[in-house]
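Here's the letter readout for the chains.
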Amino acid sequence: GQSLEQPSEVTAVEGAIVQINCTYQTSGFYGLSWYQQHDGGAPTFLSYNALDGLEETGRFSSFLSRSDSYGYLLLQELQMKDSASYFCAVKYNFNKFYFGSGTKLNVKP
Amino acid sequence: GAGVSQSPSNKVTEKGKDVELRCDPISGHTALYWYRQRLGQGLEFLIYFQGNSAPDKSGLPSDRFSAERTGESVSTLTIQRTQQEDSAVYLCASSHPAGGYNEQFFGPGTRLTVL
């Protein structure tokens, strides 16, 4: 089976840096994705890591360690609009995805 | 270009009635997924279609749930004899072979309320 753990809620101040961790147990692992979802909205894709290391896309970076079954999403220069839920998802068995329960990020002024 | 569309956006039904939810994926996206999201929770995989292959139905919670897809286009998710625990947002996503299907594009969802 698949399992994912991520914190349920994180609070940070505007302009700060926040890291959202994700640990997983899965068989047939292909990669780790991150999605952002604003209240009432659809999830939107942020990143996908198949290989170990850090990938940067603007203010957002994502990291994967396959040996540790661990990844994280790093958000820099936090803005109020970053307040949302963030989901990690493992890609397994070629093309299936298992999503975590999500981390609610509260950005305060 | 057009994104993934879903209809209806909201559906209120009575317990025991059947409902049909529709998803129009992005043109050219051969993979299509249905997920269920209960309030404040993560996305629960329901079913996956890939081209003309047999669908992966391993996430369907009961035999009251079924889904079809016409070729590589429209998909419908049908819930028969709805129960109150079926109340949730049903999300559809599609992805393209370019990039290895790694990015899923989600529709706005159908919010289903079973009274």
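You'll find the structure just up there.
For the structure given in this document, a descriptive report is provided here. Being a predicted model, the structure only gives us computed values, none of them experimental.

With respect to the layout of surface pockets
Reasoning step 1: One number sums up the size of the largest pocket: a volume of about 570 Å³.
Reasoning step 2: Of all the secondary-structure elements, those providing two or more residues to the lining of the largest pocket are strand E9 (84-92) and strand E11 (103-108) of chain A together with strand E8 (88-95) and strand E10 (110-114) of chain B.
Reasoning step 3: Sorting elements by how many residues they give to the lining of the largest pocket places E10 of chain B first, with four residues.
Reasoning step 4: Residues that form the lining of the largest pocket fall into these classes: seven nonpolar, 17 polar and four charged.
Reasoning step 5: When its volume is computed, the second largest pocket comes out at roughly 240 Å³.
Reasoning step 6: Lining the second largest pocket are 15 residues, and of these Tyr98 and Phe99 of chain A together with Leu43, Glu44 and Phe45 of chain B sit closest to its centre.
Reasoning step 7: Among the elements of the structure, strand E10 (96-99) of chain A together with strand E4 (31-37) and strand E5 (43-50) of chain B are those that each provide at least two residues to the lining of the second largest pocket.
Reasoning step 8: Its residues assigned to classes, the lining of the second largest pocket shows six nonpolar, six polar and three charged.

Quick look at the side chain of Thr76 of chain B
Reasoning step 1: By the secondary structure assignment, Thr76 of chain B is in strand E7 (residues 75-79).
Reasoning step 2: Apart from the residues lying within four places of it in its own chain, the contact partners of Thr76 of chain B are Glu20, Leu21, Trp34, Ser66, Ala67 and Glu68 of chain B.

As for the pattern of salt bridges
Reasoning step 1: This structure, assessed with the given rule, holds six salt bridges over all chains.
Reasoning step 2: One salt bridge connects Arg59 of chain A with Asp82 of chain A, and the closest N-O pair in it is separated by 2.8 Å. Of the two residues, Arg59 of chain A is situated in the loop between strand E6 (53-57) and strand E7 (60-65) and Asp82 of chain A in the loop between strand E8 (70-75) and E9; the sequence distance between them amounts to 23 residues.
Reasoning step 3: A salt bridge links Arg22 of chain B to Asp24 of chain B; the nearest nitrogen and oxygen atoms lie 2.8 Å apart.

Reading the values: rules and limits
- Residues numbered from 1 in each chain as written.
- Chains lettered and ligands numbered in written order.
- Predicted model: local features only at pLDDT ≥ 70, side-chain atom pairs only at ≥ 80, totals over all residues.
- Heavy atoms only, no water.
- 1 Å grid on protein atoms, 1.4 Å probe; cavity = no way out; pocket = protein on both sides within 12 Å on 5 of 7 lines; lining within 4 Å.
- Points joined across faces, edges and corners; volume = space filled by probe spheres on them.
- Helix = DSSP H or I, 4+ residues; strand = E, 2+ residues; numbered from the N terminus.
- Nonpolar A, V, L, I, M, F, W, Y, C, P; charged D, E, K, R; others polar.
- Contact = heavy atoms within 4.5 Å.
- Salt bridge = Lys/Arg side-chain N within 4 Å of Asp/Glu carboxyl O.

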